[in-house]
Amino acid sequence: MIMVSSFVYVFMYLIFSFPFMGQDLNLCGTDFVMQKYINQYRPDYVKPIIPINNARLNSQDNSSTKIIPIVFHIIHNGHTIGEEENISVEQIEDAMRLINEDFNAINPDLDNVVSEFMNSVGDADIEFRLAKLDPEGNCTDGITRTFSEMTNEANDCVKNVISWDDTKYINIWVVEDIDAEIGAAAYTYLPGTLWDNEIEGIIANHEYIGSIGTSSNTPYKRHTLSHEIGHFFNLSHTWGYGSNGDEANCGNDDNVSDTPNTIGAYSTCNLSQETCGSLDNIQNFMDYSSCTCMFTSGQVNRMQSCLNSSVSYRNNLWSNNNLWETGTHPDYSNDTCDPNVDFFISSPNRICALSSIQFIDNTPILSSSAEYAWSFEGAEPSFSSDKNPVVTYSEPGQYDVILSVTTDSGTNNITKTYTVYNSSMNLSESFENTAFPFNPDPSLCWSIKSPESETSWARTPISSTSTTGSVRIRSRFFDCYQKHYLYTPNLDLTNFGLGVGEPLKIWFDLAYGKRNNETDDELVVSYSKDCGKTWQVRASWDTDELITTIGNNVGNNFMPNNSEWEEKSVNIQAAADQNDVIIRFEFSGDRGSYLYIDNVRLTGEWINIGDSDMLKEPYIVNTVDLLGRETSNSKLKIEIYNDGSVNKVYKIN
Ligand SMILES: [Zn+2]
């Protein structure tokens, strides 16, 4: 039992008292996610102390503007660039312009500040720059674009899709929308909240990035990013922690002396609002009003103190070394920057002989034009200048693929080697081969695709039979329900009939026990008839449907005994008579113990096509005379057929 401190109790209370019901999205989910994270992972959390100094007098470097490198990770769901969540470069540049205005107190709407707060306006003197070098030292425009379904209902899981070293860059993930549980336009974490191994940054709905494109030029939208960066630099909301609009907020403080206590505003702009006995600074970026336009000097000091602190490595962001490493140093030039060439083929990274395959360019292009030159050893065509060419290999084997890309600033190339696989005529895998998923016979190779950070499908000596070996996976330490795929070899199933006899089925032995009552696992079986280009789901089992044990939960290290295996079958008749079939086991889950699979095999109506062809059209294997001689002058000859039948022929010369 964890000791519940009064501190945790306060956070629990705040979680269950969030009252937002506006037509606009709640501006910010920062307090919500921080409370949730602390409750779940840091019950003993104590807010780190960042000493507030007068940054103007005491900072490490108060002589010049602090430059901060930024990268935008656009997580898109397939729209072309400039549409929906896959926002344009112009929209990102507009967002950069706006935050640079806001953090240098040159935003035009500062003119609207009421007289009572004019003398409080703070100039943070911070300049944000898009990164020009990525973490590997390659040229970049500071924008990445990655296809992922995680852009919908996004939460911290998008950080698994792509993230750069958060001690060097501010990561900003742009998404379609944010998890309804958080229900916000954007959110981040104050420094020191997350454990060190968690990636920090800002997650934002694309409609709240900049003032053009999919966003709009309302104060609410054009200053959202400045609000979140304020949090990232250790600013609280003007009403302190917790729920906006709550009268109890008059007893909370944001630890900034020149922002009067307030309960906060929401989507309104009452410039004479007084909620805690004095005029509220509702125009503050850290409020939710519809007319935010300023930071105060006290907030600027707090942000500068944060940037001078090692808490969450904020003091590294603007260090001289880091500006060089990220290409944001004023003296850095990337005039000659060879393209960082890359390409891929679709999952499961498999090429089948005689089946077309598309190669997809993945080179970030920083200039307006690019020329592509592909070379395909052993394929047809063997050269292409298309961006994403389609080719076909006729023979199994190992082949090099070379892509050369030329842009205004240089030429570069990359070579990758692919194996073109022969198809196997049947499937019978008992996982005895210790080199699994590899096999000395390339037509029997399996493959695995999984998140790098999680232990995936692996062979184990435990078996469902007297032989050794099965394959297993465990979700105990998994995160975000990422999918773990296990693929069979490519299969030529043309010998399986079209449904006259028994339907084609895949069979396997399964053993699974539930670890505890929080276990939440799923197994899905699909097949592809086109070498992995498209997939059809044929069966799925959730946690309770998977269980093959009797009685209690099984704990951390489930090892099945003989009676704890069950046979499962999945009808895949629609894959019969096809020659580029791959079958896929897909596992995802959370807090589970081991799932085992063994003896994967096929059953169905086997029609031996080679033999039946011969039966249809028997052919002559020998011609002899009545004495059995192959060469003679006899006019009567006997033709002997492959099936044993004979035919008498009179030959008249
Ligand atoms: Zn906020």
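Residues numbered from 1 in each chain as written. Predicted model: local features only at pLDDT ≥ 70, side-chain atom pairs only at ≥ 80, totals over all residues. Heavy atoms only, no water.

Undergrad: Even after reading the chapter, I still don't get the overall build of the chain, so can you show me in this structure?
TA: Looking only at helices and strands, the chain features 13 helices and 30 strands. For the chain, whose C-alpha radius of gyration is 33 Å, the value lies well above the compact-globule estimate of 26 Å for 653 residues. Projected onto its principal axes, the C-alpha positions of the chain cover 125 × 65 × 40 Å. Residues classed as buried in the chain amount to 50% of the 653 residues present. For the chain, contacts bridging at least 24 residues in sequence account for 70% of all contacts bridging at least 6. On the chain, roughly 29800 Å² of surface is accessible, and the fraction owed to carbon and sulfur atoms is 49%. (Helix = DSSP H or I, 4+ residues; strand = E, 2+ residues; numbered from the N terminus. Rg over C-alpha atoms; globule rule 2.2 N^0.38 Å. Buried < 20%, exposed > 50% of the residue type's maximum accessible area, 1.4 Å probe, protein only. Contact = heavy atoms within 4.5 Å. Areas by Shrake-Rupley, 256 points an atom, 1.4 Å probe, with all protein chains shown as cover.)

Undergrad: Any chance you could explain the state of the cysteines here in plain terms?
TA: Per the counting criterion, the structure on display carries five disulfides. The residue that forms a disulfide with Cys139 is Cys337, at a sulfur-sulfur distance of 1.2 Å. Judged by the torsion about the S-S bond (-75°), the Cys139/Cys337 disulfide is left-handed. Linking Cys139 in the loop between β3 (126-130) and β4 (143-147) with Cys337 in the loop between α11 (320-325) and β8 (343-345), this pair joins segments that are 198 residues apart in sequence. On the basis of relative accessibility, which here comes to 16%, the residue Cys139 falls in the buried class. Take Cys337: its relative accessible area is 7%, and that puts it in the buried class. Residue Cys269 pairs covalently with Cys291 via a disulfide, S to S 2.1 Å. Across the disulfide from Cys269 to Cys291, rotation about the S-S bond amounts to roughly 95°, and the bridge is consequently right-handed. Separated by 22 residues along the polypeptide, Cys269 in the loop between α8 (224-232) and α9 (297-307) and Cys291 in the loop between α8 and α9 bring together distant segments of the chain. Exposure remark for Cys269: the relative accessible area of 37% places this residue in the partly exposed category. Here the chain pairs its bonded cysteines, counted in sequence order, in the arrangement 1-7, 2-9, 3-5, 4-6, 8-10. (Disulfide = S-S within 2.5 Å.)

Undergrad: Just checking my understanding: could you explain the pattern of salt bridges for this structure?
TA: Side chains that differ in sign of charge can pair as their charged atoms come close. Per the stated rule, a full pass over the model turns up 20 salt bridges. Note that Glu127 is salt-bridged to Arg129, the shortest N-O span being 2.9 Å. According to the relative accessible area criterion, Glu127 is partly exposed, its value standing at 26%. Relative accessible area serves as the criterion here: at 24%, Arg129 is assigned to the partly exposed category. Close ionic contact of Arg601 with Asp509 constitutes a salt bridge, the shortest N to O distance being 3.2 Å. With Arg601 in strand β27 (residues 594-603) and Asp509 in strand β22 (residues 505-512), this residue pair connects regions lying 92 residues apart in the sequence. Overall, Arg601 belongs to the partly exposed group, its relative accessible area being 21%. Judged by its relative accessible area of 8%, Asp509 is buried. One continuous salt-bridge network, built from bridges that share partners, spans Asp94, Arg97 and Glu101. (Salt bridge = Lys/Arg side-chain N within 4 Å of Asp/Glu carboxyl O.)

Undergrad: I'm lost on the coordination of the zinc ion in this one. Help?
TA: Under ideal tetrahedral coordination, the four donors around a metal are separated by 109.5 degrees; under ideal octahedral coordination, the six donors are separated by 90 or 180 degrees. Those donors, Cys28 (SG), His227 (NE2), His231 (NE2) and His237 (NE2), are the protein atoms that reach the zinc ion, and they lie 2.0 to 2.2 Å from it. Each of the four donor atoms bound to the zinc ion contributes to angles spanning 96 to 124°, and the resulting shape is tetrahedral. Every donor residue of the zinc ion comes from the same chain, spaced as C-x198-H-x3-H-x5-H. Residue Cys28 is found in strand β1 (residues 26-28), and its partner His237 is found in the loop between α8 and α9; the two are separated by 209 residues along the sequence. Residue class for Cys28 comes out buried when judged on its relative accessible area of 1%. (Donors = N, O, S within 2.8 Å, 3.2 Å for Na, K, Ca; no water. Tetrahedral: all angles 85-135°; square planar, octahedral: opposite > 155°, others 65-115°.)

Undergrad: Before we go on, may I ask you to explain the sheet that holds strand β23 (residues 520-528) in this structure?
TA: Adjacent strands of a sheet form backbone hydrogen bonds with each other and so pair up, either parallel or antiparallel. The strand order β18-β21-β26-β23-β24 describes an open sheet built from five strands, whose pairing is antiparallel. Both outer strands of the open sheet, β18 (447-449) and β24 (536-542), are each paired with one neighbouring strand and no more. Looking at each pair of strands side by side, their axes are set apart by 20° on average, direction ignored. In the sheet, strand β21 (residues 484-487) pairs with strand β26 (residues 582-590) via four bridges, with the strands oriented antiparallel. Of the residues in β26, the one forming a bridge with Tyr485 is Glu586. (Pairing = 2+ DSSP bridges. Axes fitted to C-alpha atoms, helices over the stretch in contact; angles between N-to-C directions.)

Undergrad: Mind showing me how you'd approach the packing of helix α4 (residues 89-102) against α8 here?
TA: Packed helix pairs are specified by the crossing angle of their axes together with the interaxial distance, meaning the distance between the axes. Relative to each other, α4 and α8 sit at 60°, their axes nearing to 9 Å. Compared by their axis directions, α4 and α8 come out oblique. Considering the relative orientation of α4 and α8, their crossing is right-handed. Contact residues: Ala95, Ile99 and Asp102 in α4; Leu225, Ser226 and Ile229 in α8. Across the contact of α4 with α8, the residue classes break down as four nonpolar, one polar and one charged. (Parallel < 35°, antiparallel > 145°, perpendicular 65-115°, else oblique. Left-handed = near helix turned anticlockwise from the far one by under 90°. Nonpolar A, V, L, I, M, F, W, Y, C, P; charged D, E, K, R; others polar.)

Undergrad: Please clarify how the side chain of His76 should be interpreted in this entry.
TA: Along the chain, the position of His76 falls in strand β2 (residues 66-76). A polar contact is formed between the side chain of His76 and the backbone nitrogen of Gly78, at a distance of 3.0 Å. (Polar contact = N/O pair within 3.5 Å; in protein donor to acceptor, adjacent residues only side chain to side chain.)

Undergrad: Looking at this structure, I do not really get the nonpolar core. What am I missing?
TA: Across soluble globular proteins, you tend to see nonpolar side chains buried next to one another. If you look at the biggest cluster of nonpolar residues, it comprises 36 residues, and the most contacted ones within it are Phe72, Phe103, Phe128, Ile170 and Phe233. Secondary-structure elements contributing two or more residues to this core are β2, α4, β3, β5 (170-175), β7 (201-205), α8 and α9. Beyond its immediate stretch of four places on either side in the chain, Phe233 contacts Ile68, Phe103, Ile126, Phe128, Ile170, Arg302, Met303, Cys306 and Leu307. (Core = buried A, V, L, I, M, F, W, Y, C linked by side-chain atoms within 4.5 Å.)

Undergrad: For this particular structure, what's the right way to read a negative patch on the surface?
TA: A surface patch of negative charge is lined by Asp520, Glu522, Asp542 and Glu545. Relative to the assigned elements, Glu545 resides in helix α12 (residues 543-546). (Patch = residues over 30% accessible without salt bridge, like charges linked within 9 Å, V, L, I, M, F, W, Y side chains within 5 Å. Lys, Arg positive; Asp, Glu negative; His and termini not counted. Charge placed at Lys NZ, Arg CZ, Asp CG, Glu CD.)

Undergrad: Help me out: how do you make sense of unusual backbone geometry in this one?
TA: Of all residues except glycine, most have a negative phi; of all peptide bonds, most are trans. Geometrically, the link from Glu380 to Pro381 is a cis peptide bond, its omega value of -5° lying close to zero. With respect to the helices and strands, the residue Pro381 is situated in the loop between β12 (379-380) and β13 (383-384). Along the chain, Phe436 connects to Pro437 via a cis peptide bond; the corresponding omega equals 10°. Mapped onto the elements of the fold, Pro437 is located in the loop between β17 (428-429) and β18.

Undergrad: Explain the domain arrangement of the chain to me, please; I cannot follow it from the model alone.
TA: Much of the literature gives interface size as the accessible area that the parts lose upon coming together. Considered domain by domain, the chain is made up of domain 1 (6-18 + 26-325), domain 2 (343-421), domain 3 (428-603) and domain 4 (618-650). Once you take the C-alpha centre of each, domain 1 and domain 4 turn out to be 93 Å apart. (Domains from an automatic or database assignment.)

Undergrad: Can you walk me through the sheet that holds strand β28 (residues 620-624) in this structure?
TA: Pairing is antiparallel across the open sheet formed by three strands, whose spatial order is β28-β29-β30. Edge positions in the open sheet fall to β28 and β30 (646-650), since each of these has one partner strand only. On average, each strand axis in the sheet is tilted by 25° relative to the strand beside it, whichever way the strands run. Pairing geometry for strand β29 (residues 636-641) and β30, over five bridges, is antiparallel. Bridge pairing in β30 places Leu636 opposite Tyr650.

Undergrad: Which parts of the structure should I look at to understand the pairing of strand β16 (residues 410-421)?
TA: Successive residues of a regular strand alternate their side chains across the two faces of the sheet. With two bridges joining them, strand β9 (residues 351-352) and β16 adopt parallel strand pairing. In the sheet register, Cys352 faces β16, and the bridge partner there is Tyr421. Two strands pair when backbone bridges link them, and strand β15 (residues 397-407) and β16 are joined in this way by eleven bridges, in the antiparallel orientation. By the bridge assignment, Leu403 is partnered in β16 with Ile414. Counting the residues that bridge the hairpin from β15 to β16 gives two residues.

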